[in-house]
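Okay, here's what each chain looks like letter by letter:
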Amino acid sequence: MKLQHKALIVHLLTASGAVLAMLAMLAAVEEKWSMMFLWLVVAFFVDGIDGPLARYYDVKTNAAQFDGVLLDLIIDYLTYVFVPAYALFKSGLLPGWTGWIAIIVITFASAMYFADTRIKTKDNSFSGFPGCWNMVVIVLFALEPNFWFLLSLVVVLAVCMFVPLKFIHPIRTERWRAVSLPMALGWTFFAGWAAWVDFDPQSWAHWGLIVTSLYLLFAGIVQQLSEPDQLG
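Residues numbered from 1 in each chain as written. Predicted model: local features only at pLDDT ≥ 70, side-chain atom pairs only at ≥ 80, totals over all residues. Heavy atoms only, no water.

Colleague: Please explain the overall build of the chain as it appears in this structure.
Modeller: Secondary structure assignment for the chain yields 9 helices and 2 strands. Scanning the chain from its N terminus toward the C terminus, one meets helices and strands in the order α-α-α-α-α-β-α-α-β-α-α. In terms of overall dimensions, the chain is globule-like: its C-alpha atoms have a radius of gyration of 17 Å, near the 17 Å expected for 232 residues. The principal-axis extents of the C-alpha atoms in the chain amount to approximately 50 × 40 × 35 Å. A burial count over the chain gives 47% of its 232 residues as buried. Of the contacts formed within the chain by residues at least 6 apart in sequence, a portion of 78% connects residues at least 24 apart. When the accessible surface of the chain is split by element, carbon and sulfur atoms take 71% of a total near 12,000 Å². Here the chain holds 13 positive side-chain charges and 16 negative ones, and the gap between their average locations is 8 Å. (Helix = DSSP H or I, 4+ residues; strand = E, 2+ residues; numbered from the N terminus. Rg over C-alpha atoms; globule rule 2.2 N^0.38 Å. Buried < 20%, exposed > 50% of the residue type's maximum accessible area, 1.4 Å probe, protein only. Contact = heavy atoms within 4.5 Å. Areas by Shrake-Rupley, 256 points an atom, 1.4 Å probe, with all protein chains shown as cover. Lys, Arg positive; Asp, Glu negative; His and termini not counted. Charge placed at Lys NZ, Arg CZ, Asp CG, Glu CD.)

Pasting the structure below:
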C-alpha cells in the first residue's frame, strides 16, 4: 500500500469520530447515558491514536488535500464539548436555570478556546483547560455531586480555559510521559468500565476515575510550578 493511501486512511480514522459522535448523540437523546459514554470513550481512544499515526505517516505531506488539524478540531468539539454538554443539561444533574448556564458557558467558552491560536505551550501541552468536558462529565455522572458544586466546577473550568495554566497532553508532553500515558489509558479503561456497569456506585471504576482524573487535571500545573518558563 502506498504511503499516500496510508495517510488517507488516517484521515478516515479521524473522520470516524463524527460517526461516533452521532451515535453518542442518538443515545443521549434517548437518555441512554451509559451507551452514550461508551461511544464517547471509543471516540476518545480514536482521538488518542490518530494523532501519532498522522505524524508517523506525515499526513500534511502525503494527504495534504485534507486539513487534519481542522478535521480533528471539528470532531473534538462534537465529542469533547457538544454531546457532553447536552448530556449534562438533559440528565437532571443541573436542574432548571443551572443547566442553561452550564450549556451556554461550556459551548461558548469552548468554541472560543478551540479557535485560539495560543493554546499550545513550548512542550506541546495546553495553555488553559483544554475543553475536555467529556472527561469531566463522565466523572460527574459517576459521582453525582451537589448541583452547586457541579455548577461552580463548570464555571471555574471555563474560566481556566483562558488562564495561563498548563495542562498536559498525555502523549505529546514528554515530561512525565512514562506516567501520563498509562494514566490516560487507565482513565479510558475506568471510564469504559464505569459506563459498562451503568455507573454502579459500588464499582471500583469510580476510584480509578477519580485518581486518573486528578492526575491528568493537575500534573501540568505541578510541572508549571516547578518550571514556569515552559508556558508560552
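Colleague: Would you explain the packing of aromatic side chains in this entry?
Modeller: Any pair of aromatic rings gets described here by the distance separating the centres and the angle formed by the planes. Per the stated rule, a full pass over the model turns up 18 aromatic pairs. Centroid distance Tyr77 to Phe114: 5.8 Å. Interplanar angle 85°. Geometry classified as edge-to-face. Taken together, the residues span a long stretch of sequence, with Tyr77 in helix α4 (residues 68-90) and Phe114 in helix α5 (residues 97-114) at a distance of 37 residues. In textbook terms, an aromatic cluster arises when at least three aromatic residues are bridged by ring pairs, as seen for Trp33, Phe37, Phe141 and Phe199. (Phe/Tyr/Trp six-rings, centres within 6.5 Å; stacked < 30°, edge-to-face > 60°.)

Colleague: When you look at the pattern of salt bridges in this model, what are you seeing that I'm missing?
Modeller: Close approach of charged atoms allows side chains of opposite charge to pair. One pass over the structure, following the stated rule, counts 3 salt bridges. For Asp123, the salt bridge goes to Lys166, with nearest N and O atoms at 2.5 Å. Highlighted residues: Asp123 in the loop between α5 and β1 (126-127) and Lys166 in strand β2 (residues 166-167), separated in sequence by 43 residues. The residues Asp123 and Lys166 share a single accessibility class, namely buried. (Salt bridge = Lys/Arg side-chain N within 4 Å of Asp/Glu carboxyl O.)

Colleague: Would you mind showing me how to read the packing of helix α2 (residues 33-56) against helix α8 (residues 177-196) here?
Modeller: Packed helix pairs are specified by the crossing angle of their axes together with the interaxial distance, meaning the distance between the axes. Relative to each other, α2 and α8 sit at 160°, their axes nearing to 8 Å. In terms of orientation, α2 lies roughly antiparallel with respect to α8. When you trace α2 past α8, the crossing you get is left-handed. Contact residues: α2 offers Ser34, Phe37, Leu38, Val41 and Phe44, while α8 offers Ala184, Trp187, Thr188, Ala191, Gly192, Ala195 and Trp196. Of the residues belonging to the contact of α2 with α8, the class tally is 9 nonpolar, 3 polar and no charged. (Axes fitted to C-alpha atoms, helices over the stretch in contact; angles between N-to-C directions. Parallel < 35°, antiparallel > 145°, perpendicular 65-115°, else oblique. Left-handed = near helix turned anticlockwise from the far one by under 90°. Nonpolar A, V, L, I, M, F, W, Y, C, P; charged D, E, K, R; others polar.)

Colleague: How should I be thinking about helix α9 (residues 205-226) in this particular structure?
Modeller: The end-to-end C-alpha distance of α9 is 31 Å, a good match for the 32 Å that 22 residues give at a rise of 1.5 Å each. For α9, the principal kink sits at Phe218 and spans about 40°. (Expected span 1.5 Å × (residues − 1). Bend = angle between axes of the 7 residues up to and from the residue.)

Colleague: Please explain the nonpolar core as it appears in this structure.
Modeller: Met36, Phe37, Leu88, Phe129, Trp133 and Trp187 are the most contacted members of the largest nonpolar core, which has 58 residues in total. Only α1 (3-29), α2, α4, α5, α6 (133-143), α7 (147-160), α8 and α9 provide two or more residues apiece to this core. The element best represented in this core is α6, accounting for 9 residues. Setting aside chain neighbours within four positions, we find Leu88 in contact with Leu93, Leu94, Ala102, Ile106, Val137, Leu140, Leu150 and Val154. Membership of the second largest hydrophobic core comes to 6 residues, among which are Ala7, Val10, Tyr57 and Ala63. (Core = buried A, V, L, I, M, F, W, Y, C linked by side-chain atoms within 4.5 Å.)

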